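# Chain and residue survey
What follows is each chain in one-letter form.
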Amino acid sequence: MSIQVYGIPSCGTCKKAIAWLDNQAIAYEFINTKDFPPSRTMIAEWVNALGERTMRNTSGQSYRSLGNEKETWSHIQWIEAYAKDPMLLKRPLFVKDGVAITVGFRNPEEVKQKLI
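The structure contained in this document is the topic of the report that follows. These figures come from a predicted structure and were not determined experimentally. (Residues numbered from 1 in each chain as written. Predicted model: local features only at pLDDT ≥ 70, side-chain atom pairs only at ≥ 80, totals over all residues. Heavy atoms only, no water.)

With that settled, consider the state of the cysteines. The final tally for this structure, using the stated rule, is zero disulfides. Here Cys11 stays free of any disulfide, with the sulfur of Cys14 as its closest cysteine sulfur at 3.5 Å. You can call Cys11 buried: its relative accessible area is 10%. (Disulfide = S-S within 2.5 Å. Buried < 20%, exposed > 50% of the residue type's maximum accessible area, 1.4 Å probe, protein only.)

Right, here's the structure in full:
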């Protein structure tokens, strides 16, 4: 089993998730999306697994700067936007064996159930 956690090191939620994973002795690979942006293909797979609305980082500056037209964007337009600016992606994003399983870190027990 392989687990990847996508996010940025300065993100408070990512820090909490990483500390929790370490505490639970769950092996993972952390991938900094600023330094290693995910490909459009990867993003499309994640969006297909979790939905484009679930993937939105609505609290970030990138999202706020998009303007009102974002309210009418299609599935494909969101994938393109995420590919152009990974800061639009909610984080952390958990991938298990190549499949996106959850995003965010509000409920650690739910994350744990999906990881094991």
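Our next topic: the sheet that holds strand 3 (residues 93-96). Judged by pairing direction, the sheet is mixed, and its four strands sit side by side in the order 2-1-3-4 without closing on themselves. The open sheet terminates on both sides in strands that have one partner only, identified here as strand 2 (29-32) and strand 4 (99-103). This sheet shows a mean twist of 25° between the axes of neighbouring strands, independent of strand direction. In the sheet, strand 1 (residues 3-7) pairs with strand 2 via four bridges, with the strands oriented parallel. Of the residues in strand 2, the one forming a bridge with Gly7 is Asn32. Strand contacts of helix 2 (residues 40-50): strand 1, strand 3 and strand 4, with the helix running at about 60° to strand 4, the strand carrying the most contacts. (Pairing = 2+ DSSP bridges. Helix = DSSP H or I, 4+ residues; strand = E, 2+ residues; numbered from the N terminus. Axes fitted to C-alpha atoms, helices over the stretch in contact; angles between N-to-C directions. Contact = heavy atoms within 4.5 Å.)

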